[in-house]
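# Geometric and topological summary
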Amino acid sequence: MKKRRAALAALAVGGIMLTTGAAGGRPSLSPPVQPLPALTYRALTARYAAERQAIEVAARRDPRLTPLAAPGRTFVAFDPRGRAVEVVGDLATARRVAILVPGSDTTLRGFDSRGTASPGGGARAVLAEARRIDPHARLAVLAWLGYGAPRTISLDVATTGRADQGARALRPLVNTLNAHGVAVSLLCHSYGSVVCGRAARHVDATDIAVFGSPGMAVSSAAALHTRARVWAGRASGDWMAYVPKVRVLGLGFGADPTGRGFGARVFAAGAGGHGDYLRTGGIALRDLALIALGRYTEVSRAR
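The shown structure was predicted, so the numbers you read here are calculated from the model rather than taken from an experiment. (Residues numbered from 1 in each chain as written. Predicted model: local features only at pLDDT ≥ 70, side-chain atom pairs only at ≥ 80, totals over all residues. Heavy atoms only, no water.)

### Focus: the nonpolar core
Where we set the bar: Among buried residues, those of type Ala, Val, Leu, Ile, Met, Phe, Trp, Tyr and Cys that are joined through side-chain atoms within 4.5 Å constitute a nonpolar core. Throughout, exposure labels follow a simple rule: accessible area from a 1.4 Å probe, protein chains only, divided by the maximum for the residue type, with under 20% read as buried, over 50% as exposed, and the rest as partly exposed. Only DSSP runs of H or I with at least four residues qualify as helices, and only runs of E with at least two residues qualify as strands; both kinds are numbered from the N terminus onward. In this description, contact between two residues means that some pair of their heavy atoms is separated by no more than 4.5 Å.
Leu 91, Ile 99, Trp 144, Leu 170, Leu 177, Leu 186 and Ile 208 are the most contacted members of the largest nonpolar core, which totals 51 residues. Broken down by element, this core gets its largest block of residues, seven residues, from helix α4 (residues 161-179). Discounting chain neighbours no more than four positions away, the residues touching Ile 99 are Leu 142, Trp 144, Leu 170, Leu 173, Val 174, Leu 177, Val 184, Ser 185, Leu 186 and Leu 187. Among the nonpolar cores identified, the runner-up in size contains 44 residues, and Ala 84, Phe 267, Leu 288 and Tyr 296 belong to it.

### Considerations on the pairing of strand β3 (residues 96-101)
What counts is decided by this rule: Pairing between two strands is assigned when DSSP locates at least 2 bridges connecting them. For a crossover, the right-handed case is the one in which the path from the first strand over the helix to the second runs clockwise, viewed with the strands pointing away from the viewer.
Within β3, five of the six residues are buried, which leaves it mostly tucked inside the rest of the structure. The pairing of β3 with strand β4 (residues 139-145) spans five bridges and is classified as parallel. Its bridge partner lying in β4, Ala 98 is registered against Val 141. Note on the crossover from β3 through helix α3 (residues 119-133) to β4: the handedness is right-handed. For β3 and strand β5 (residues 183-189), the ladder comprises six bridges, and the chain directions are parallel. For Val 101, the partnering residue across the bridge sits in β5 and is Cys 188.

### What to know about the pattern of salt bridges
The cut-off we apply is this: When a carboxyl oxygen of Asp or Glu lies within 4 Å of a side-chain nitrogen of Lys or Arg, that pair is called a salt bridge.
If you walk through the whole model with that rule in mind, you get 15 salt bridges. Asp 164 is the salt-bridge partner of Arg 198, the closest N and O atoms lying 2.7 Å from each other. Here the residue Arg 198 occupies a position in helix α5 (residues 192-199), and Asp 164 occupies one in helix α4, the gap between them amounting to 34 residues. What makes Arg 198 partly exposed here is its relative accessible area of 28%.

Rendered as structure tokens:
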């Protein structure tokens, strides 16, 4: 199995795999993600109601979107063409916000379908762990699907085209939160770490934590040109270890963020697989929640 995964990874990074569907070829234009409203109860409540109505309309056309309209869920952005931003926690009073940036194969229909490996489930897991650590933490988590994530079986997944789209969409969100005095951490899974790498120099994040990363399209943390603390973790059972950490002619994403020479703060991520980082009870989830809370001395270091 490991040899098969390694072979598939090498093919993907080498650009040999055929593109499929909307994920192939030239990156599609991203529908704009609606900007945040004022971070007040009144403005947020109005936005949540408007987005719920939009989700309900979309769900009548596609019942697979019905879970997004479940009671208690709150979205500040939704576009049936494939974008959504869910708020988990109290954004109006939050002093820290963690933005969960997902990787390949993430779609509206799969916003929850893979449990904690999905944006919705992952964001809820991070907030639940943060509250377990500190019940009074003024933290909110955003499950952010603000770009057209590539398919795993596509050439896009080996290039930065989709990541550049995502980076452009991420900047105004972080900037708006900064303008409200909120400290922002980016929690970036898999190809989402490429998005965060492309956005790093243009956003004022306190922390950028990547996990299950194929690389950040740079040779070192210093090359990100960010003031943020850069963190990296990879579980021992993650097949991403077999993806070649190279960047040649625009293919691949360069150095391993968990490598000794990269310069990131490497946190312990346990023994799980590629989709297990936010699994309840796991050390990776705890470390990411601690990073989101700013409790850096408590983060378990891999070395």
